[in-house]
Amino acid sequence: MQKRDGHIHTPFCPHGSSDSFEKYITKAIDNGFTEITFTEHAPLPFPFIDPTPDKDSGMKHELLPAYFEQLQVVKERYKGQIIINIGLEVDYIVGFEEQTRNFLNKVGPMLDDAILSVHFLQHHARYTCIDFSDEVYLQFAKEVGGIQPMYDLYYETVKQSILADLGPYKPKRIGHPTLIHKFQLAHSETIDDSAQIESVLQLMKAHHYELDFNSAGLSKSFCQEPYPTIDHALFAKKIGVPIVFGSDAHTANDLHQHYNVLQQKLTF
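Described below are features of the structure shown in this document.

## Overview of the packing of aromatic side chains
Inference 1: Following the criterion strictly, the structure yields 16 aromatic pairs and no others.
Inference 2: With centroids separated by 6.4 Å and ring planes inclined at 45 degrees, the aromatic side chains of Phe21 and Tyr67 adopt a geometry described as tilted. Of this pair, Phe21 sits in helix H1 (residues 21–30) while Tyr67 sits in helix H2 (residues 64–77), and the two are 46 residues apart along the sequence.
Inference 3: Taking relative accessible area as the criterion, Phe21 reaches 3% and is therefore assigned buried.
Inference 4: Residues Phe48 and Phe96 carry aromatic rings whose centres are separated by 5.4 Å and whose planes lie at 80 degrees to one another, so their mutual orientation is edge-to-face. Of this pair, Phe48 sits in the loop between strand S2 (35–41) and H2 while Phe96 sits in the loop between strand S3 (83–91) and helix H3 (97–107), and the two are 48 residues apart along the sequence.
Inference 5: Phe48 gets classed as buried once you look at its relative accessible area, which sits at 10%.

## A word on helix H5 (residues 147–163)
Since the α-helix packs 3.6 residues into each turn, any two residues three or four apart lie on the same face.
Inference 1: A rise of 1.5 Å per residue sets the reference length of H5, with its 17 residues, at 24 Å; its end C-alpha atoms lie 25 Å apart and thus fit the reference within 8%.
Inference 2: Among all positions in H5, only Ile147, Met150, Tyr151, Leu153, Tyr154, Tyr155, Thr157, Val158, Ser161 and Ile162 are buried.
Inference 3: Close packing links the buried residues of H5 with strand S4 (113–117), strand S5 (120–123), helix H4 (134–144), strand S7 (173–174) and helix H6 (194–206).

## A word on the packing of H4 against H5
Inference 1: Where H4 meets H5, the closest approach of the two axes is 7 Å, and the angle between their N-to-C directions is 95 degrees. On the basis of the axis angle, H4 is roughly perpendicular to H5. Residues Tyr137, Leu138, Phe140, Ala141 and Val144 of H4 touch H5, and the partners they reach there are Ile147, Pro149, Met150, Tyr151 and Leu153.
Inference 2: Among the residues making up the contact of H4 with H5, the classes are represented as 10 nonpolar, no polar and no charged.

## Observations regarding the pairing of S4
The side chains of a regular strand alternate between the sheet's two faces.
Inference 1: Across the five residues that make up S4, a large majority, five, are buried.
Inference 2: Neither face of S4 is left uncovered, since the one carrying Asp113, Ile115 and Ser117 and the one carrying Ala114 and Leu116 both have all their residues buried.
Inference 3: Both S3 and S4 contribute to a ladder of five bridges, which runs parallel. Paired with Glu89 across the two strands is Ile115, which belongs to S4.
Inference 4: Since S3 and S4 lie parallel, the crossover through H3 that links them has a hand, and here it is right-handed.
Inference 5: When S4 meets S7, the two strands line up parallel, connected through two bridges.

## Side note on the sheet that holds strand S8 (residues 210–214)
Inference 1: In space, the seven strands of this open sheet follow the order S1-S2-S3-S4-S7-S8-S9, with parallel pairing throughout. Looking at which strands have only one partner, the edges of the open sheet turn out to be strand S1 (4–8) and strand S9 (243–246).

## Considerations on unusual backbone geometry
Only a minority of non-glycine residues have a phi that is not negative, and only a minority of peptide bonds are not trans.
Inference 1: That bond from Phe46 to Pro47 is cis: its omega, 5 degrees, falls within 30 degrees of zero.
Inference 2: Here Tyr227 and Pro228 are connected by a cis peptide whose omega angle stands at -5 degrees.
Inference 3: The backbone phi angle of His124 is positive, close to 50 degrees, even though this residue is not glycine.
Inference 4: Residue placement: His124 occurs in the loop between S5 and strand S6 (126–129).
Inference 5: Judged by its relative accessible area of 72%, His124 is exposed.
Inference 6: Residues other than glycine seldom take positive phi values, yet His256 does so here, at roughly 65 degrees.
Inference 7: Along the chain, His256 turns up in the loop between S9 and helix H8 (259–265).

## Digging into the side chain of Gln184
Inference 1: In this structure, Gln184 sits in the loop between S7 and H6.
Inference 2: A polar contact of 3.2 Å, which involves the side chain of Gln184, links it to the side chain of Glu225.
Inference 3: Those residues in contact with Gln184, other than ones at most four positions away along the chain, are Tyr137, Tyr151, Phe222, Cys223 and Glu225.

Cut-offs used in this document
Residues numbered from 1 in each chain as written. Predicted model: local features only at pLDDT ≥ 70, side-chain atom pairs only at ≥ 80, totals over all residues. Heavy atoms only, no water. Phe/Tyr/Trp six-rings, centres within 6.5 Å; stacked < 30°, edge-to-face > 60°. Helix = DSSP H or I, 4+ residues; strand = E, 2+ residues; numbered from the N terminus. Buried < 20%, exposed > 50% of the residue type's maximum accessible area, 1.4 Å probe, protein only. Expected span 1.5 Å × (residues − 1). Contact = heavy atoms within 4.5 Å. Axes fitted to C-alpha atoms, helices over the stretch in contact; angles between N-to-C directions. Parallel < 35°, antiparallel > 145°, perpendicular 65-115°, else oblique. Nonpolar A, V, L, I, M, F, W, Y, C, P; charged D, E, K, R; others polar. Pairing = 2+ DSSP bridges. Right-handed = clockwise from strand over helix to strand, strands pointing away. Polar contact = N/O pair within 3.5 Å; in protein donor to acceptor, adjacent residues only side chain to side chain.

Encoded structure:
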């Protein structure tokens, strides 16, 4: 059976761990995985200012050459044992499409695979990292007028990411498209966003994007579900959206987290 994990972070992650590429790779091989993609957070576009306190949402531009070089080495070293894809997780940031397109035009030839994700939402010319903490999340909801308007803004931004012209090297997979659920248990409201999620998935289908079926939410105390839920992943499968499991591991310990549980419920 082909086993693939398409969303893995690395020692180059400024908010991750120092676990080596080899530690991730040997664990993947030992667990019977046949293909993995390292998707480090790409450098944020200039002159975007990272709103997080430690300014550590993306890797530094000057580390990119070393990242690509080290991945090329391990890719060759483990050839025949496992397929290793060189990738990035690229942020879609409203207003920075041109800078992102220019970046992708430069690094695209070195990429085997990539993910396009929304972590930052814009409101009144200010950006917020909505998955940083429950406090930031709830404060941002107040600023935009409530939980529902925040959800609306998130899905609208994900749709913009799908439709954006980011050039020929634009990532073909949309990262964790229900990330707005990360702190859903931190608020007391019941939000029915099924129609919005299905609309996003239908747009992905229409524009030939893959789904990052991301298990990390199951390990988040305020989320306790994958991104998206199993029901919505089943909907994606039903309408023909390709599904790629992603553990979104930031440590080797989290690699392939919850894979077996999700795989039993949804063959991907």
